[in-house]
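Letter by letter, the chains look like this.
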Amino acid sequence: MNSNSQDLQKTMETVLNSPEGKQLLKILRSDGGTAMAEATAAIKKGLEQEAVNAMTPMLDNPEVRSLLQSLNKNLNHG
């Protein structure tokens, strides 16, 4: 595993184990995971705009935006 993969894995573990990450996942799964599944399928097909469209309702959620901002700050990215 290269350094970038290790860094990504560490970051993902940090996010997923944080209270904000757990709450974010709960919200993202609130529609049964439909939006995430649609976005993932679109990305796999190279349809970036379709993926963005699938996630827009979730990303427009003020709670989701707040959680993402908090995660970003906690990861020293903002």
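Please refer to the structure higher up on the page.
Rules used throughout
Residues numbered from 1 in each chain as written. Predicted model: local features only at pLDDT ≥ 70, side-chain atom pairs only at ≥ 80, totals over all residues. Heavy atoms only, no water. Axes fitted to C-alpha atoms, helices over the stretch in contact; angles between N-to-C directions. Helix = DSSP H or I, 4+ residues; strand = E, 2+ residues; numbered from the N terminus. Parallel < 35°, antiparallel > 145°, perpendicular 65-115°, else oblique. Left-handed = near helix turned anticlockwise from the far one by under 90°. Contact = heavy atoms within 4.5 Å. Nonpolar A, V, L, I, M, F, W, Y, C, P; charged D, E, K, R; others polar. Patch = residues over 30% accessible without salt bridge, like charges linked within 9 Å, V, L, I, M, F, W, Y side chains within 5 Å. Areas by Shrake-Rupley, 256 points an atom, 1.4 Å probe, with all protein chains shown as cover. Salt bridge = Lys/Arg side-chain N within 4 Å of Asp/Glu carboxyl O. Expected span 1.5 Å × (residues − 1). Polar contact = N/O pair within 3.5 Å; in protein donor to acceptor, adjacent residues only side chain to side chain.

Draft legend 1. Focus on the packing of helix α2 (residues 19–28) against helix α5 (residues 62–74). Put simply, α2 and α5 touch, their axes get as near as 10 Å, and they point 150° apart. With respect to their mutual orientation, α2 and α5 come out roughly antiparallel. Crossing handedness for the pair α2 and α5: left-handed. Counted together, Glu20, Gly21, Gln23, Leu24 and Ile27 of α2 and Glu63, Val64, Leu67, Leu68, Ser70, Leu71 and Asn74 of α5 form the full contact between these two elements. By residue class, the composition of the contact of α2 with α5 is six nonpolar, four polar and two charged.

Draft legend 2. Structural view of the packing of helix α1 (residues 3–17) against α2. Close contact between α1 and α2 brings their axes to 4 Å; oriented N to C, the two are set at 80°. The angle between α1 and α2 falls in the class roughly perpendicular. Along its contact with α1, which presents Val15, Leu16 and Asn17, the element α2 presents Pro19, Gly21, Lys22 and Leu25. Of the residues contributing to the contact of α1 with α2, the split by class is four nonpolar, two polar and one charged.

Draft legend 3. Focus on a nonpolar patch on the surface. On the surface, a cluster of nonpolar side chains totalling about 270 Å² of accessible area is made up of Leu8, Met12 and Leu16. Mapped onto the fold, methionine 12 is located in helix α1.

Draft legend 4. Structural context of α5. Across its 13 residues, α5 extends 18 Å between first and last C-alpha, which sits within 8% of the 18 Å expected from 1.5 Å per residue. Buried positions along α5 lie against α1, α2 and α4 (48–59). Two or three places before glutamate 63, at the opening of α5, asparagine 61 has a side-chain oxygen 2.7 Å from that residue's backbone nitrogen. Following α5 by one or two positions, asparagine 76 adopts a phi angle in the positive range, close to 60°.

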